[in-house]
Each structure stands twice: as structure tokens, then as C-alpha cells.
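# Structural overview for review
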Amino acid sequence: MEEQLKQLIDETLDKIKTASTPDELSGIRVSVLGKKGALTGLLKGMKNVAPEERAAVGKIVNDAKSAISGALENAESELKKNLRSARLREETIDVTLPAKKKDLGHRHPNRVALEEVERIFIGMGYEVVHGPEVEFDYYNFEALNIPADHPAKDEQDTFYINDKIVLRTQTSPVQVRVMEKGKIPIRMIAPGRVFRADEVDATHSPCFHQIEGMVIDEGITFADLKGTLESFAKRLFGEDTRLKFRPHHFPFTEPSAEVDVTCFKCGGKGCRMCKGEGWIEILGCGMIHPKVLERCNVDTSKYSGFAFGIGLERIALLKYEIDDMRLLYENDVRFLGQF
Amino acid sequence: MDTSLNWIKDLVPGMKGVTDEEYRDAMTLSGTKVECFERLNRNLENIVVGEILSVDRHPDADKLVVCQVNVGEAQPVQIVTGAPNVQPGTSGQFVPVVLDGGKVAGGHDGGPLPENGIKIKKGKLRGVESFGMMCALEELGADANLFPDAAEDGIYIFSPDLGLKPGDDAVKALGLDDAIFEYEITNNRVDCYSVLGIAREAAATFGHEFKPPVTKPTGNNENASDYISVEIKAPDLCSRYTARVVKNVKFGPSPEWMKRRLRSCGIRPINNIVDITNYVMAEYGQPMHAFDYETIEDQKIIVDRAKDGESFTTLDGNERKLDGDILMICDGKKQIGIAGIMGGENSMITEDVKTIVFESATFNGTNIRKSAKRLSMRTDASGKFEKGLDPETALQAVDRACALVEELGAGEVVGGVVDIYPDPVSKKRIKFEPDSYNALLGTDISRTDMLKFFEPLEIEYDESANELIIPTFRQDLNLGADIAEEVARFFGYDKVSSTLPSGTGAVDVVGGLSFEDRVNEAVIDLATAQGYSQSLTYSFESPGVFDKLGFSEDAPERKTVLISNPLGEDFSVMRTLSVNGMLTSLGTNYSRRNENVKLFELAKVYIPSGNEDELPDERTILTFGCFGEGDFFDLKGVVENTLDGLGLSKKREYRAVSCYPYLHPGRQAYVGYEGKTIGHLGEVHPDVAEKYGIEDRVYLAFIDLAAIEEFVSFEKLYEGIANFPAVTRDISLVMKRDVPVGELEGIIESKGGKILESYRLFDLYEGEQIGEDSKSVAYNITFRAPDRTLSDEDVNPVMDKIFEECAARGFELRK
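An account of the accompanying structure is given in this report. The model shown is predicted, which means the values in this text are computed figures rather than measured ones.

## A short note on the overall build of chain B
- Along its length, chain B carries 22 helices and 39 strands.
- Overall size of chain B, expressed as C-alpha extent along the three principal axes, is 125 × 85 × 60 Å.
- Burial statistics for chain B: of 815 residues in total, 52% are counted as buried.
- Of the roughly 37,300 Å² of accessible surface on chain B, 47% is carried by carbon and sulfur atoms.
- In chain B, the 88 positive side-chain charges and the 137 negative ones have mean positions that sit 1 Å from each other.

## With respect to the overall build of chain A
- Secondary structure summary: chain A contains 12 helices and 9 strands in total.
- Expected size for 339 residues packed as a compact globule is a radius of gyration near 20 Å; at 42 Å, chain A overshoots this value by more than 25%.
- Principal-axis analysis of the C-alpha atoms places the extent of chain A at approximately 130 × 45 × 45 Å.
- Here chain A holds 339 residues, and 52% of them are scored as buried.

## Brief notes about the sheet that holds strand E5 (residues 207-218) of chain A
Residues and elements named next belong to chain A.
- Pairing in this open sheet of 7 strands is mixed, and the strands run E1-E4-E5-E9-E8-E7-E6 from one edge to the other. At either margin of the open sheet sits one strand with a lone partner, and together these are strand E1 (127-128) and strand E6 (243-250).
- Bridging between strand E7 (residues 253-262) and strand E8 (residues 279-288) involves 8 bridges; their strand directions are antiparallel. What sits directly across from Ser256, in E8, is Gly286.
- Along the sheet face, helix H8 (residues 222-237) touches E6, E7, E8 and strand E9 (303-311) and points at about 145 degrees away from the line of E8.

## Here's the deal with the nonpolar core
- Within the largest apolar cluster, 62 residues are counted, with the highest numbers of intra-cluster contacts made by Leu229(A), Leu283(A), Cys285(A), Phe308(A) and Phe454(B).
- The biggest single contributor to this core is H8(A), with 8 residues.
- The residues contacting Cys285(A), other than those within four sequence positions of it, are Leu225(A), Leu229(A), Phe245(A), Phe250(A), Thr253(A), Pro255(A), Ser256(A), Ala257(A), Val259(A), Ala307(A) and Phe308(A).
- Counting 53 residues, the second largest nonpolar core, distinct from the first, contains Phe195(A), Leu577(B), Tyr670(B) and Val684(B).

## With respect to a negative patch on the surface
Residue and element names in this part refer to chain A.
- Negative charge collects at one region of the surface, where Glu2, Glu3, Glu52 and Glu53 lie side by side.
- Elements with a minimum of two residues in the negative patch: helix H1 (2-18) and helix H4 (51-90).
- Examined against the element boundaries, Glu2 turns out to sit in helix H1.
- On the accessibility criterion, Glu2 (56% relative accessible area) is exposed.

## Structural notes on the interface of chain B and chain A
- Facing 85 residues of chain B, the contacting portion of chain A comprises 87 residues.
- Between chain B and chain A, roughly 7,200 Å² of surface is buried when both sides are summed, and carbon and sulfur atoms account for 55% of that area.
- Summed over the shared surface of chain B and chain A, the result is 7 salt bridges.
- The partner of Lys598(B) in a salt bridge is Asp103(A), with the nearest N and O atoms 3.7 Å apart.
- Linking chain B with chain A are 40 residue pairs in polar contact (both at pLDDT 80 or more).
- For the side of chain B that touches chain A, the element with the most residues is helix H15 (residues 515-529) of chain B, which contributes 6 residues.
- Grouping the constituent residues of the side of chain B that touches chain A by class yields 31 nonpolar, 31 polar and 23 charged.

## Here's the deal with the pattern of salt bridges
All names here are of chain B.
- Throughout the structure, instances matching the rule amount to 72 salt bridges over all chains.
- With a closest N to O distance of 2.7 Å, Arg189 and Glu201 form a salt bridge. A residue pair is termed long-range when its members are at least 10 positions apart, and Arg189 in the loop between strand E11 (179-184) and helix H4 (195-206) and Glu201 in helix H4 qualify at 12 residues. With respect to class, Arg189 is no different from Glu201; both count as buried.

## Observations concerning the pairing of E5(A)
All names here are of chain A.
- With respect to burial, E5 is a largely interior element, 11 of its 12 residues being buried.
- Pairing analysis gives 10 bridges linking strand E4 (residues 186-195) to E5, with the strands arranged antiparallel. Considered in E5, the bridge of Ala190 is made with Glu212.
- As paired strands, E5 and E9 are joined by 9 bridges and run antiparallel to one another. Within E9, the position partnered with Glu218 by the bridge is Tyr303.

## Things to note about H4(B)
Residue and element names in this part refer to chain B.
- An ideal rise of 1.5 Å per residue puts 16 Å on 12 residues; H4 measures up with 16 Å between its terminal C-alpha atoms.
- Counting buried positions along H4 gives 10 out of 12 residues, so the element sits mostly inside the fold.
- For H4, the set of buried residues is Val195, Leu196, Gly197, Ile198, Ala199, Arg200, Glu201, Ala202, Ala203 and Ala204.
- Looking at the buried residues of H4, the elements they touch are strand E1 (2-4), helix H1 (5-11), helix H2 (20-29), E11, helix H7 (272-284) and helix H13 (480-491).
- Of the residues flanking the end of H4, it is Gly207, one or two places downstream, whose phi is positive at about 70 degrees.

## Topic: the side chain of Gln668(B)
All names here are of chain B.
- Structurally, Gln668 can be placed in strand E33 (residues 663-673).
- There is a polar contact of 3.1 Å between the side chain of Gln668 and the backbone nitrogen of Cys659.
- A polar side-chain atom of Gln668 sits 3.3 Å from the main-chain carbonyl oxygen of His664.
- The residues touching Gln668, leaving out its near neighbours within four places in the chain, are Arg655, Ala656, Val657, Ser658, Cys659, Tyr660, Leu663, Leu681 and Gly682.

## Some words on the environment of Glu569(B)
All names here are of chain B.
- Positionally, Glu569 belongs in the loop between helix H16 (545-548) and strand E29 (573-574).
- Separated by 452 residues in sequence, Glu569 and Gly117 place their C-alpha atoms 48 Å apart.
- With residues near it in sequence (within four places) discarded, Glu569 still touches Glu541, Ser542 and Pro543.

## A short note on unusual backbone geometry
- Of the consecutive residues Ile184(A) and Pro185(A), the connecting peptide bond is found in the cis state with omega at 5 degrees.
- Phi at Asn46(B) takes a positive value of approximately 60 degrees, unusual for a residue other than glycine.
- Among the structural elements, Asn46(B) can be located in strand E3 (residues 45-58).
- At Ser376(B), a position not held by glycine, the phi torsion is positive, near 40 degrees.
- Residue placement: Ser376(B) occurs in the loop between helix H8 (365-374) and helix H9 (380-385).
- You can call Ser376(B) exposed: its relative accessible area is 63%.

Definitions and limits used
Sequence order sets the numbering: in each chain, residues are counted from 1 along the sequence as written. Chain letters start at A and ligand numbers start at 1, both assigned in the order the entries are written. Only residues with pLDDT of 70 or above have their local features reported here, since the model is predicted, and side-chain atom pairs are shown and tallied only from 80 upward, although totals for entire chains, interfaces and linings are computed over all residues. Side-chain measures here rest on the full set of heavy atoms in the structure, leaving out hydrogens and waters. By the criteria applied, helices consist of DSSP H or I runs no shorter than four residues and strands consist of E runs no shorter than two, each listed in order from the N terminus. Burial classes follow relative accessibility: with a 1.4 Å probe on protein chains only, a residue under 20% of its type's maximum area counts as buried, one over 50% as exposed, and anything between as partly exposed. Exposure was quantified through the Shrake-Rupley algorithm and a 1.4 Å probe, taking into account, for residues, occlusion by the shown protein chains and nothing else. When charges are tallied, Lys and Arg are placed among the positive residues and Asp and Glu among the negative ones, while His and the ends of the chain are skipped. Think of each charge as sitting on NZ of Lys, CZ of Arg, CG of Asp or CD of Glu. Atoms counted for the radius of gyration: C-alpha only. Globule rule: 2.2 Å times the number of residues to the power 0.38. Following DSSP output, two strands are said to pair if at least two bridges run between them. Two residues qualify as a contact provided that any one of their heavy atoms is within 4.5 Å of a heavy atom in the partner residue. Whenever a helix is involved, its axis is fitted only over the stretch in contact; in every case the axis is a line through C-alpha atoms, and angles between N-to-C directions fall within 0 to 180 degrees. The criterion is simple. A nonpolar core is a set of buried Ala, Val, Leu, Ile, Met, Phe, Trp, Tyr and Cys residues joined through side-chain atoms within 4.5 Å. Patch membership needs two things, relative accessible area over 30% and no salt bridge, and members are linked within 9 Å if like-charged or within 5 Å if nonpolar (Val, Leu, Ile, Met, Phe, Trp, Tyr). We define a salt bridge as a side-chain nitrogen of Lys or Arg found within 4 Å of a carboxyl oxygen belonging to Asp or Glu. Note on terms: buried area is the combined drop in 1.4 Å-probe accessible area of two parts once they are placed together, counting the loss on both. In protein, a polar contact requires one atom able to donate a hydrogen and another able to accept it; more generally it is a pair of N or O atoms within 3.5 Å, and residues adjacent in sequence count only if both atoms are side-chain atoms. In the scheme used here, Gly and all other residues not listed as nonpolar or charged are polar, with Ala, Val, Leu, Ile, Met, Phe, Trp, Tyr, Cys and Pro taken as nonpolar and Asp, Glu, Lys and Arg as charged. In a helix, the anticipated span is given by 1.5 Å times the number of residues less one.

Written as C-alpha cells, this is what we have:
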């Protein structure tokens, strides 16, 4: 019996060694350790063993059983490991093959620029408000201290619907609408579409966009206007940006200024983008004209304020180096896809 | 507005050493913005006056001559030239000569000037040595138009009257040692549309004394009023009219200094009389006109409105149609000039004029601007008048002109002036309030410094009244804020510190987006996430759009807001639909062979209120458009995702319609929500797509953001994740082909009860195996309860109800 066992162990271990698939191994397991397996058969023969030897033989059989099942487990796990590594080898891919990309939509460059500007002013505590694009002459001109015979009102600049209604030529009428609500202090920006009777070319469009800004409070100064716009420009164009405030004239502000920033491409040395000047004009601003405040029933003995108007396209064209304004309204996806 | 820097420096002698760049920067910072400047002698080097001693034929070339030229050195230099106006055998002409190693600005063809000029070196021309070049004006970069004495083609020959010597600086002799500055003058600074006005600003900017010309009293012992009388019949349009008389007029050329200054303003010198009026206009900004006294009937000048329908021939020979708002200068019998715009042919001065009348008047700027526009003749004079001139300048200018007549010996000035000035302007007075200026500016400038800034601006200070006295030419100074600006300008905008607003707004105002902005932002996120790119189109379009899109004649969409002065018919109506803009953009992409194009626009439309005095309703229409990949149901998915993302959590109603003429009649749907119309979508009608040049199926969807605003919600509530398994059942039905599947979905929704979680179409079949007018539809329905595992007892009764209802509608169950 002992010999039979030994032989069985040796034969089985040999078979295990040569087995190359999980199926073969499970076949061995069944044929040796299964209900009708060889070892099980041998165990059945135990009843013929003399009772005093049974303990010893039993141990031998059990040892054989655990040796075989141990060898099987080892072989199985070894085989599994080998198969897995073979599979991994086979599954190697060429990672340089092209990516599969889903089409993403893109924001219009105007929108990208607007969001940048809005974020900056919201961070400084400004509310974003809106006004109508088709506007009363009163709000667009008269309330802004632009009298009836002002050259800016000439038909060549303004689209008229009738005597009283125009397509707003600026976002400044929103200033008046906000002031009229009578709630002070005010910190607001008003982005929106404006219209001027300009023929379409690389730098003109009869529709374009402005962002109006206005602050009214006690003790607002021209120095505050400077500081605010400097903070804004540094955020938008970079910390090294410098500003130049040039005296200018707008009917609804006094004092008024136009603001240039150091060219963000060359940093002020002069390049093609700034036409060699080192500076680029980006906005107009000033202290709100006392007549405008008074007309809107703002107490000028208590309050003062500043206002500014930024050309959105100007920012977008400059910041993204777009050389032709017409591209903004063509909506070619090869253009839009770059933003 | 252009001026020469030399002229400014002559008026402000202290500025002698100021460079072009210093001038540009300082003037711009004090408010006189320099647009650009051109240094005339930028590329002119080593150019002297030469006297031609002899001109001989070139031995080997017919078109060349060999000249000996005295350039002020011991030996003459030999120069070969092909200029047609230097003839063999002549001599004695004075010409500009660039010597060996010198530089000129350009070629003699007058083409664009090279950036760095052209170097001139000695060389041989057809074997004969040449040590320099005689120059034409084009080669010196000068505008030959401004030199009436220049030869049409060839070398510039100096007038012998100039008294030039060989070796003199030819650049200086031509007035090219100068820089011309172009300014952007704002329309409130009427005084700066003149050389004197700019010079006054320059003096204040640089802190040097301003020395305007001193006009000496002029005239013989006669009196102008014996020659002429003036009557203003339209005082609202003419606030002052001055006239002076010059007799025994002697025509001739103006002196070189005057020609040079006229040229620096881009004015071609003509003769002394014309040049004087132009010169004074440049100097004072006051246009003047000279009439031939002999042509003025009744010795009378009357300023009056024209009558509608009259016509008048101006001195350029053109006949002009007049109207009752055009101001005319008339004599006792007839019209002799259009006030402020152009004189008449019947009174213009000619070479044999004996006596002239100088007019220097102040006309209403707005009237001149509008008249000039109606007549479409914007002249130099009208360009000045339309700004609204200071009446005080009128007299100064006419006196200056007469002084120049005497100085130039151009005639005998008659004494006295006819000056009709019914309502003289007085100098404004403004309280001097240094504290309020500082408070507005955020500065701490002393009152002494402020008064120092005012001095060169000719703003006087009346200490006893504590008032500032404003010169009449400063029409822009009316309020304290205007004075604060003067203080800031000369203190320096750049020296004002930078602070941030304090005040209560720092705590009382909370920044942020409006609800409308948040909706737009969400829409943009949702649309771009689904592959749609944002487009922008114009707000106005052609009225022809409605025909193009197939609208009937009486369609309400045709009621538009009309622009009364559009850029053209194509831009004349405010859009009531966003369709055209989107199709145009898609068409552009299609024609450029872009594939699978997906665009969206937040497009405003403008719906007339029906009342002319009211503003239209501006509504933002979220518009989707695409061609290429995808079909109606892909776009419907985009609409659904977008509405989901905006928090419209209830079921949207889609109904087949055929009311949108630009959409396929069998492939368009109305979108409703809570019984309200919120949009529509569909495939574009092939006829319409074709008109936009798109030979592909195009899909459009529209959501009216104003209509959904009340339903939009950004509130989120966590609902929990299902803990119990779902039960799914399939249902397969045969129904009539023309019954919308939506009806079946309605049954599932209404009969599904609380345990209905979702349903999904998984098969749709039309074909041979079913009747010709039928379709087979299969749905997968999911049930789930939040608190237990569902059993057949829960689900079966629900399914039975669904089956019953289906049977009632005649949908046949497929087993």
C-alpha cells in the first residue's frame, strides 16, 4: 500500500509538472482527489489494513493528499501567473496611435474675453446689469449731456428707429437707468451690444460690444478711478502692465481720460501690434459729469462717481491677436475652435 | 488738425530745444493728443544749394547732360543728370544738390518713400563721373503740389528772389527742417483747431511764454463803413459779422516764410490775397472770405436765409440747390455766397480785382454742419465753423489779415471796420474752489499751484470775488468739474495717485451676475459640452429674409422694427427671428467645406410693441444649428439635455406641426412645457437650405429663454441613490404608423404610478412583417421603489393597466 501510494504521488507530481493548462490541472485533481479518484480509491482500501497500522497508513495517505493538493495549488497559481503575463504581453498597444476625441464646443472669443472681464469686476464687488439695445434717445444722448445738436447725434453715427428711439450707440445709457432706480451706492458693469453706422471692414462693424462700468458713492475720486482701472488692467493683461491716462473729452464725464496700456506683446518697446508705439488704447473713462448726476437726482453735494467704457472687441482682438474684426461675425468653426 | 513744430516754436520761443518725441509725449499727456508726426528731413543728409555754372551735352548719351555746379566749395563739382528741365547751354539756376555720401528721401517717380531713404554715392554715368545729384521735390520727400513754382518734371529750381548762396542748407531753404504733427482735437476744444490754440497749450505744457503775433492798427484815414454796410437778418444763425476793405490790390506771390507755413498745414500757396485768408484761418482757426467789392450791389451785405428751391452757383462753378435753412450772404440785389461754406462765382476775386471786402464772421456751427451735409460740400471753412467759433476771434482775424496785407504790400487797407455784433459774449466767471477740485481728484494740490496752471491758459483770477475769469475762446469751461480737469491736466494725470474706492459701497454692494447672466452662462456650458460652438451674428438683416424663408405676405414675423437710416437695405430691419443668422453662418461653413458643423447662438430678437413710442420686446433666442453628423433626434437630445441642465425637470411636450415655413413640413416640432410654448425644432426645408447654399440636411432648434425663465432653477436637492433593485418589463406593440410614439409614452407615464422609474424605446420596426400602415414599437420599462424590492404583485397590476389602455387605443400587443 505504501508503495502504491508512493508511486501514485510520484506519477501525479510528474503529471502536474507537465500540465500546461488549467483544464489539465483540474483533470488531475479530479482523477486523483475526486470522489472516484485514485487516492480516494486507496483510502477506501483502508478497511483492509490491520487496525494497528491504520493510524500510520492514514497519516501516509493524508500526507500524500496534502502533498498532491499543495502541488496542484502551486501549479495552478504558477500557471495563472504565466497565462496572465502572456496575456499582458499580447495586449501591448501602440500608445502613439491617434486619440479618439469627442467634439467639444467652443465659446466665442468675445464671450471668453467678456467672462475674463466680468470675473475681475465681480471680484471687486461689481454687479452685472443690462439695458435695452433699442433705446430711447433720451437715455442714449440727452440724459448723458449730449444735446440735440451734438455732432455725435448726426445720422452718420447713429441708427435711428424714429425721432425718439435709436439703436444705442454706447452702453452708457445703462448708467442712467441704474441711477434712476435711486439706490446708492452703486458698483456695476453693464456689458452689451451697441450699434454705429460704420461700414464693415477689418476694424469696423456696425454691431459691436462695450462694457460699461460705474461707481457712485460718497467721496469717489479720480484717484479711485485710476486705481480701479490699474487693478483691472493688471489682472487682465498681466502684473507688469502700466497704464497711461490721457486727458480726453466725453460729454458725460469731467474730467475725462482715455487710457492706454503698455503693449502686452512687446511690453512697451514697440512692435507691429502696437504700431511701434508701445501703448495700446483700451478704454475711455472719467468722473461722472455733475449735470448727468443731477439729471438722475443724485445728490452731488454728497455723492460723486466715475464711469468707464471698454470696447469688448478691442480687448478680444488684441488679447487673442485676431487681425480682422469680420472673423468675429463669420462663425467659421475653424476660427471658433481656437478659443 | 496739423501744425509744424517750427511754427509752434516760433510762437513759444522757450521751446527751442524740445525734440519731436518730447513734444509728442508732453502734448499727449496734457490733452492735445498727437496722432502721429513726420520729420520731413528724416532722410535728408548733406543737401546744399548749388548754382549751375554750365550745362554740356554728355558725349555718349542723348538724354544726359554734364553740369558743373558751385556748391560753395573752392572747386565746382561735376554732376550728370537726365532731368528734362536742365538744358545744355543754360546756367545760373539754383538747385538742391545732394553731395557724395548724402541721402535723399525717395526716388524721382514719387512712389512710396523707403524707410531709410536712399544713399547717394559718386559714380559714373555712361563713362562720365558724377559727384552728386540734383534733386526733384519727390526725391526730397516733399509734396510737389504744395510748390506751385516747381517744374512739372525735373529738378526743383529755387526762385532767384530768395537770395540763396551756393553751399546754403537746401533743406532749410525748402522748409523741410521741420516736423509736422497731426493731433486728435476733441470737439469741445474749438480753440485748438488753430495754430495759436495749439501753441497756447504747448506754452502751458512746457511752462514757457506764449508770444502770439501782435496786430498793429491798420488802415488809411477812410472808413470802411463808407464803402459797405452790413445787415444780419438771421441773428440766430450769425452772431457777428465783421468786414474790412482793401483797395488798390496788388496781386503777387507771398513771401517764402508764409508759403512755408502754409505748406506745413498742407495748403498750396496761390497768391498773396488768397494766401493771407488761408494763413489767418490756420493761425486763428477763423475762416475768412474775400469778395470783389465791384460785384457787391448797393454797397450792402445782407446775411439771410435762402428760400426753398432757390439755386446758386458757387465759385467752383457748380450749381447748388438751396433750402430755407441755408444761410446766405447777399448784397442789395442778389446772393453772393453760402455763409460759412463757399463763396459765389458772381463775387469771387479775380486777378484784375481792384478792391476787396474781407469777411470774418461767426456763424451757427450746427446750422453750418447740417447745411454742409445737405449740400454735400464740406469745405475747409465749414469744417471750422461747424465747431462753433468764438465771436471774439472774428475781429482779431480780420485785423490780422489787414495787417498782413500791409506787411506784404498787397494793397491799401481802408481804415475802420464794419462790425455787426448785436449780442457780444462776455467772459464767464466761475467760483474758485480748490478744495472741491482736490476732493474730486483725490489730490492735494495747493491753490498757488492751481493759479500757476491757469496763467498760461489766460484764465484770470479775481481775488476779491474769488472767481476765475474764463477767456471767451474756452467755451468748454463752465463748471467746477471743468476747472478740476484743467488742474489735473497740468498737474499731470500721471501724478494723481492710484487708490481704490472706499465709501459704503465697499460693504453695501455685493457683486455678482444677474439671473439672466447665470442662465446664459449655464446655456453656454451646456451647449459647448454637447459640441456646439458659439456664434454671433448681426441684429439687423434684410427684409428679403422673410421671402427667403418662405413666410407668407401677412406673416406676423414681418412686423419688424425698422431702421430709418440703415447702412443699406440688407441691414435695415431688426430681426424678429434668429433663423437667417444661423443659416448664414452654417452656409459660410458649408461653402468652406467644414464638416459636421454645430453652432449655437444666444441671439436677441426684437419684437415691435405695436406702439411707435415704446421700445420693442428684446428676447434672447437660444438657437442651435447643425449639419453633417446627427439627425433630428440628436438635436432633440441636445434640446432635452439643455432643458434638463436648466432645471426644467418635468416632461417636455413635442408635437408635430407644420407652421414653420423654413422647416421640413413633416419634420418639425413644437416644444411645450407646462402648457407654454418654449421653442421649436426641425429639419430645414430643402428649398431653404438650398438658398443658403447647403446641400445637406440641416437641423435647427430654438428655445425662447424669456419663455423658460420662470421654470429655470439652479436649486439642487439630493434624492438619494436607489438601495433596492429595479424590475424591468418589456412591452411590444403594433400600432398605426401615423400615431406618434409619444402617445404610448403618455400611457406609460400616466399609468406607471409611483413605482415607474424610466422607460426606453429599444425597437422600432416598419416593414414587410407587419401591415403596410403599421409599425412595431418596443419599450423597456423600469420600476423601482425606494423602500423595498418590488414583487410581481406590485408590477403586474401596473403593467395590466398599461396594456388595457393600449388595447383601448387599438394598439395591438405582440407576444
